[in-house]
Amino acid sequence: MSNLYEEAYNQSINDPEAFWGPIAEECHWYKKWDKVLDDSNKPFYRWFVGGEMNTCYNALDLHIDNGIGENKALIYDSPVTNTKRVYTFNELRDEVARFAGVLAAKNVQKGDRVIIYMPMIPEAAIAMLACARLGAVHSVVFGGFAANELATRINDAKPKVMVTASCGIEVKKVIPYKPLLDESINLAGFKPDSCIVFQRPMVQAELKAGRDYDWDELMNAAKPHDCVPVLATDPLYILYTSGTTGQPKGVVRDNGGHLVALKWTMKAIYDIDEGDVYWAASDIGWVVGHSYIVYAPLFKGATTIMFEGKPVGTPDAGTFWRVIQDHGVKSLFTAPTAFRAIKRDDPEAKLMKDYDLSSFKILFLAGERTDSDTLKWAETNLKVPVIDHWWQTETGWAIAANCMGLHHFPVKPGSPTKAVPGWDVQVVDPNNKPVASGEIGAIVVKLPLPPGTLPTLWQNDKRYIEAYLEEFPGYYKTADAGYIDEEGYIYVMTRTDDIINVAGHRLSTGAMEEVLSCHPMVAECAVMGVEDRLKGQVPLGFLVLKAGVTVDHDQIIREAIQMVRDQIGPVAAFKTATIVKRLPKTRSGKILRGTMRSIADQKEYKVPATIDDPAILDEIEVSLGAIGYGKKASK
Ligand code: COA
Ligand code: AMP
């Protein structure tokens, strides 16, 4: 007999319109769609064409109209400022409507872009929802990125308005945001008309007359704005993510498909109902924050938690358990790295015993593969199911998961379980031919992708096709490699490009190489992700100096590290580099990054037959040993 998962999965693949149509009926539409799936312009697919709706209405007003306006919508819990604040759906809608009025008064209209560069405070979610209310397109930029990265996004998105706060708080450090914003506008070719600044008590940002405005002053004078109907296919947001070059990819999300898919996932994947408390401990700057701090829980009428803190150090490794207890959290979603940090500080989970975790039912992990140590530690101590699930910025929601609202499959360590309904996941060889089960290959998804996934890249259909659709015709390339076992369990092993995953944050080593190669003394460089016990991976740089350079090597390394911090941001966690005489290459000049990584990670490797000069590998081993990597490490 088939279970709910199998029924849903089979229908979603065999007849996607019959699967998603009734699910969409559960959302609010001003005008019903003409067609569930429009495939008349392949390889571009559009969901719910002709439908008119509003994302903010579905997140807030709908629940008020349905009589649950006094339910808790958002809880702000900030151990770094010692603050807790609760917003009901009524209160959150009123704030959002007022801020939509603020934006409208600054001439923001349907389709205009707004960049949001803010820490984890409710005003960030309010700004996002206010954009959605107006049909404007938000682009949230993570606070840990440097001004240069922000400038790249300003040039691409061309925002009419930017919204920021005077500072963010990183454990005990206060980080002023406004100087970064000012610098980014100076660097960018495109200039926004206005900047709205939320002043926090720790730092007063300087406001430039005629361009910068105080959030509170504008809010006090604003009139609430109603929801503006948009087409289901109109863009809701752009979220930039690392590509293979310094130019990030502007992932576009539409309004209708996003609403339908995300609302459905809350029950199907996370087993969350209206009124439940759900916590995604991520940051609004990442896709997890967009989908599961802001939109999906609110679509469902659940309570979401906005946590301004870290798993450790704010104040200790018990902070997650305190939040679960204080707010009655049913499910927590975070990255394995957060659990590795907790386990490092409190290996026996002693702090857990101080809290009542009776409300807590399921832990969800994503952002990187869940290692079996972390899985076991969490299962043993929390005594709830621990569910790894796999997704990407591009997909907006999970490609593979144990769908806890449909059917709980046994967990296999190292696997995010099975393809979620909507996803026809396959593993293929370089000729786009399916491989046998258990065999490693490129993980691809047969088109069309389900609703809520990227319809294209911001104003760049060409790059969208080149990056995702060209290599495996008829399929979406995930750029992850792995295999599927005989029971349909998916194993995601590694990226096939130069993306690395640092503490659940996606970064491009190519972008770091672009920065390093601008150092005046550097002739050539390579950056690769090496294993790290806490962050999963960290970047490691190899620099080859120009002939005749006599400057102290330590100084060059310090400068190189600072350049990456200044131009990409502290989030890159680029802290280690070494100077080598030469880089190992193939005879055709390709740098042997994989071999160097294997040496650093102490993995067995074969000397590639195509290597130009095998003796270089010994030099690399010695250089790595001197900085604590590889077999010759003197840690
Ligand atoms: N604004 C400004 N700076 C920021 C920032 C922000 N929003 N977020 C991070 N940074 C800075 C940090 O201060 C740090 O700077 P430093 O080099 O001066 O110390 C640097 O960027 C790296 O930050 P982070 O990756 O957070 O590392 P960490 O060592 O401070 O903390 C963890 C390690 C594991 C505790 C932390 O990464 C974590 O909580 N991860 C959870 C994973 C997560 O949320 N993933 C998102 C996808 S689910
Ligand atoms: P991001 O776009 O930042 O969400 O990063 C997406 C990438 O992170 C994926 O392509 C994978 O390489 C990796 N990733 C995310 N979740 C998982 C997971 N559960 N298991 C393995 N890799 C993952």
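Residues numbered from 1 in each chain as written. Chains lettered and ligands numbered in written order. Predicted model: local features only at pLDDT ≥ 70, side-chain atom pairs only at ≥ 80, totals over all residues. Heavy atoms only, no water.

Applied cut-off: UniProt positions are given in the numbering used here, feature names are shortened, and annotations may be inferred rather than shown by experiment.
An unreviewed UniProt entry lists the protein chain under the name AcsA2, with Desulforapulum autotrophicum as the source organism. We quote the UniProt Sequence similarities (unreviewed entry) comment for the protein chain here in full: "Belongs to the ATP-dependent AMP-binding enzyme family."

### A few points about the layout of surface pockets
The following threshold applies: Computed over the protein atoms alone on a 1 Å grid, cavities are sets of points where a 1.4 Å probe fits but cannot get out and pockets are open sets with protein on both sides within 12 Å along at least five of seven lines; a residue lines them when it has an atom within 4 Å of a point. Grid points are joined across faces, edges and corners, and a volume is the space filled by probe spheres set on the points. Only DSSP runs of H or I reaching four residues or more are called helices, and only runs of E reaching two or more are called strands; each is numbered from the N terminus. All amino acids are sorted into three groups, where Ala, Val, Leu, Ile, Met, Phe, Trp, Tyr, Cys and Pro are nonpolar, Asp, Glu, Lys and Arg are charged, and the leftover types, Gly among them, are polar.
Considered as a void within the structure, the second largest pocket measures approximately 290 Å³ in volume. As for the second largest pocket, its lining consists of 20 residues, and the residues nearest its centre are Thr244, Ala467, Lys477, Ala479 and Asp497. Of all the secondary-structure elements, those providing two or more residues to the lining of the second largest pocket are helix H14 (461-469) and strand E25 (475-484). Per-element accounting of the lining of the second largest pocket gives the leading share, 5 residues, to E25. Class assignment for the residues of the lining of the second largest pocket results in 6 nonpolar, 5 polar and 9 charged.

### Considerations on the site of ligand 2
Convention followed: Proximity is defined per residue: if any heavy atom of the residue lies within 4 Å of a molecule or strand, that residue is considered near it. In the analysis that follows, any N or O atom pair within 3.5 Å is treated as a polar contact, provided that within protein one partner can donate a hydrogen and the other can accept it, and provided that, for residues neighboring in sequence, both atoms belong to side chains. Here the Shrake-Rupley method, with its probe set to 1.4 Å, supplies the accessible areas, and only the displayed protein chains count as covering residues.
Lining the immediate environment of ligand 2, one finds 14 residues, of which His389, Thr393, Asp480, Arg495 and Arg506 sit closest. A distance of 3.5 Å separates a nitrogen atom of ligand 2 from a polar backbone atom of Glu368. The protein chains hide 91% of the 500 Å² of surface that ligand 2 would expose on its own. The residue inventory of the shell around ligand 2, partitioned by class, reads 3 nonpolar, 5 polar and 6 charged.

### A few points about empty space enclosed by the protein
Throughout the structure, instances matching the rule amount to 5 cavities of 30 Å³ or more. Counted as a void, the largest cavity has a volume near 130 Å³. Taken together, 16 residues make up the lining of the largest cavity; nearest its centre are Tyr45, Thr453, Leu454, Pro455 and Tyr464. Ranked by residues supplied to the lining of the largest cavity, first place goes to strand E2 (residues 44-49) with 4 residues. Of the residues contributing to the lining of the largest cavity, the split by class is 12 nonpolar, 2 polar and 2 charged. In this structure, the second largest cavity encloses a volume near 100 Å³. If you go around the second largest cavity, you meet 13 residues; those closest to its centre are Glu149, Ser242, Ser508, Ala511 and Ile568. For the lining of the second largest cavity, the residue count by class is 5 nonpolar, 6 polar and 2 charged.

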